[in-house]
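# Structural features, examined
Below, each chain spelled out in residue letters.
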Amino acid sequence: MASRQDPPLKFDAPTMADAEAALARHFGYASFRPGQAEVIRAVLAGKDALAVMPTGAGKSVCYQVPAALMRGLTIVVSPLISLMGDQVRGLREAGIRGSYLNSSLTPRQQAVVMARALDGWYDLMYVAPERLADPAFRAFAAQARVPLLAVDEAHCVSQWGQDFRPAYTGIADFVASLPVRPPVVALTATATERVRRDVVSLIGLKDPQVTVTGFDRPNLSFASFELKPRERTRWVCAYAAAHPDESGIVYATTRKRVDELAQALRDAGVAAVSYHAGYEADAREEAQRRFVMDDARVMVATNAFGMGIDKSNVRFVVNCGLPLSLEEYYQEAGRAGRDGEPAECYLLWSRGDIRTCRFLIDRDDLPESTPAAERQRLERSRRTLLNHMIDYAQSATCLRRRILAYFGQDVSALSDNCGSCSVCTGATPERYLAPARASHAFGHAAFDDELDAAGDARPRSRRRAAAREEALDYVATEGDEELFQRLRALRKRLAGEKGVPPYVIFSDATLRAMVRRKPRDREALLQVPGVGTTKLERYGDAFLEELARG
Ligand code: ADP
Ligand code: ZN
């Protein structure tokens, strides 16, 4: 954090054209995704905004692009101290001057960061919500020119969400303490009506632009398999071993199962690390670091792991056991494929899990002072949430459709067969239980099946066609696969030299696009999605050299 970066181009009243130019320059993307433009337009016009988008939809861009354009210091409230360093490194790679202020810095370092911020060194600063109540920080913020306050993981303000964080309720007071009220943008992936209402009222959004994007993630395939616990372990080990170049997350419901699964994976020769609340903070951070840096390719964890992890090249998420709600499940599964490349989500469950979950939600963990009526209501709501999860696990109809309907999306226009869930493709778990008897392929092959069936005009045909094209590219010819692996190795080496996670340099999607297009010069490389001018300057030549080797 020591060196001073050149500021991005700043404007007094940035327009959407400036925003598009900044998206291309810093992130290498040609256009905004659905929802992003709407949120950014509101923010640039000085309006508050609430962005509800699924994980991986690109929420960060909604405040990072304005932060790069607006004069002054955008403050971003985030609950995740351990990730701020990574986030800032990623931003700096993109040429946006990020910083963070949290308890991992010594008081002296904190003073330096604040002094530099007042000197105009930074476009954006991440802080934990607790910081907002600190008088020294308030004095600092009153002196800084703050053009925008962004509240990430905004559902943390609601007691109805799963991640309630009391300090979030102090945000409104902090905003009121600023000499000039900046626009406030709140971002979350939690879609339920009640949480949304809480976010608006408790953060104090004024007449916000509310943007809720579709919840479909066309590049994710879904499967639900009923398996006994022992089969489950076998399945996970065989699956991970059969995907030796892919990074994935395996969720288990108890700490003991996490440890057992991680050991079984390592015994099977898979570089796996594990993470749960029973480990010391140091051990958790180290496991997370190794996973994010691609030093370990499989993370086995309880649901304590994952919020805010923006590793974009996670190719599979396997849930062993049932989450307590479909919200929780979709959030965990949604950590796969954030780069838009095909990725697979598996739910492996057993009858025993249903009993365990019922026991968990019936256990009386509410404070004694809870009024009887509220207690009953809460218990009922937990049971309803769990029942939806169980229905999903046992579903005889399209899993994707079920998820989307649950999140309130109109599914009437969807085809009955999504072509990429285990119900629609008829996929079974056999393949990774007894490889010799494999009868059904699941995953990329499902897209091939779809291609055969492409004759019928499907309502979502355009979106699906794009996914198919990517899927076909994904099943690259051998030469291309070899080139992709070389580009990955180069990325890993450059990341190691700079001490940043590999995905921060280029995403898997960007490497795949390079393999497809085989750019020969800087101009052609700049056309590849994910390559902006900042990264072209830094890494362009190294990648062109590798590409030139054929
Ligand atoms: P979220 O915070 O909503 O989970 P992120 O902000 O981490 O999502 O973005 C997910 C991925 O999508 C990142 O790899 C990001 O670079 C990419 N992305 C964001 N905006 C765009 C865009 N307009 N075009 C293409 N890719 C994008
Ligand atoms: Zn389906």
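Residues numbered from 1 in each chain as written. Chains lettered and ligands numbered in written order. Predicted model: local features only at pLDDT ≥ 70, side-chain atom pairs only at ≥ 80, totals over all residues. Heavy atoms only, no water.

Before going further, it helps to spend a moment on unusual backbone geometry. Of note, Asp294 is a non-glycine position whose phi angle comes to about 65°, a positive value. Checked against the element boundaries, Asp294 lands in the loop between helix H11 (281–292) and strand S11 (298–301). Classification of Asp294 by relative accessible area gives buried; the value is 19%. Within the chain, Lys518 stands out as a residue other than glycine whose phi angle is a positive 45°. (Helix = DSSP H or I, 4+ residues; strand = E, 2+ residues; numbered from the N terminus. Buried < 20%, exposed > 50% of the residue type's maximum accessible area, 1.4 Å probe, protein only.)

Next up on the list: helix H2 (residues 36–44). Of all the positions in H2, only Gln36, Val39, Ile40, Ala42, Val43 and Leu44 are classed as buried. Contacts from the buried residues of H2 go to helix H1 (16–27), strand S1 (49–52), helix H3 (59–69), strand S6 (184–188) and strand S7 (209–212). Among the residues trailing H2, Gly46 stands out with phi positive, at a value near 85°. (Contact = heavy atoms within 4.5 Å.)

In the vicinity of ligand 1 lie 16 residues, with Tyr29, Gly56, Lys59, Ser60 and Arg338 positioned nearest. Arg33 has a polar side-chain atom sitting 3.1 Å from a nitrogen atom of ligand 1. A distance of 2.6 Å separates an oxygen atom of ligand 1 from a polar side-chain atom of Ser60. With the chains in place, 84% of the 570 Å² that ligand 1 exposes on its own is no longer accessible. In terms of residues, the shell around ligand 1 owes the most to one element, H3, which gives three residues. For the shell around ligand 1, the residue count by class is six nonpolar, seven polar and three charged. (Near = heavy atom within 4 Å. Polar contact = N/O pair within 3.5 Å; in protein donor to acceptor, adjacent residues only side chain to side chain. Areas by Shrake-Rupley, 256 points an atom, 1.4 Å probe, with all protein chains shown as cover. Nonpolar A, V, L, I, M, F, W, Y, C, P; charged D, E, K, R; others polar.)

The next subject is a positive patch on the surface. On the surface, Arg194, Arg197, Arg377 and Arg380 cluster together into a positively charged patch. Breaking the positive patch down by element, the ones donating at least two residues are helix H8 (193–203) and helix H14 (372–393). Turning to its location among the elements, Arg377 is positioned in helix H14. (Patch = residues over 30% accessible without salt bridge, like charges linked within 9 Å, V, L, I, M, F, W, Y side chains within 5 Å. Salt bridge = Lys/Arg side-chain N within 4 Å of Asp/Glu carboxyl O. Lys, Arg positive; Asp, Glu negative; His and termini not counted. Charge placed at Lys NZ, Arg CZ, Asp CG, Glu CD.)

Moving on, we get to the sheet that holds strand S12 (residues 314–320). If you trace the six strands from one edge of the open sheet to the other, you get S8-S13-S12-S9-S11-S10, paired in parallel fashion. Looking at strand neighbours, the two that pair on one side only are strand S8 (220–226) and strand S10 (272–275), the edges of this open sheet. Averaged over all pairs of adjacent strands, the angle between strand axes in this sheet comes to 15°, irrespective of strand direction. Taken together, the seven bridges between S8 and strand S13 (residues 343–349) define a ladder with parallel strand orientation. Across the sheet, Ala223 pairs through a bridge with Tyr346, a residue of S13. Packing of helix H9 (residues 229–242) onto the sheet brings it into contact with S8, strand S9 (247–252), S11, S12 and S13, and relative to S13 it is tilted by some 165°. (Pairing = 2+ DSSP bridges. Axes fitted to C-alpha atoms, helices over the stretch in contact; angles between N-to-C directions.)

Keep in mind these values describe shape, not function.
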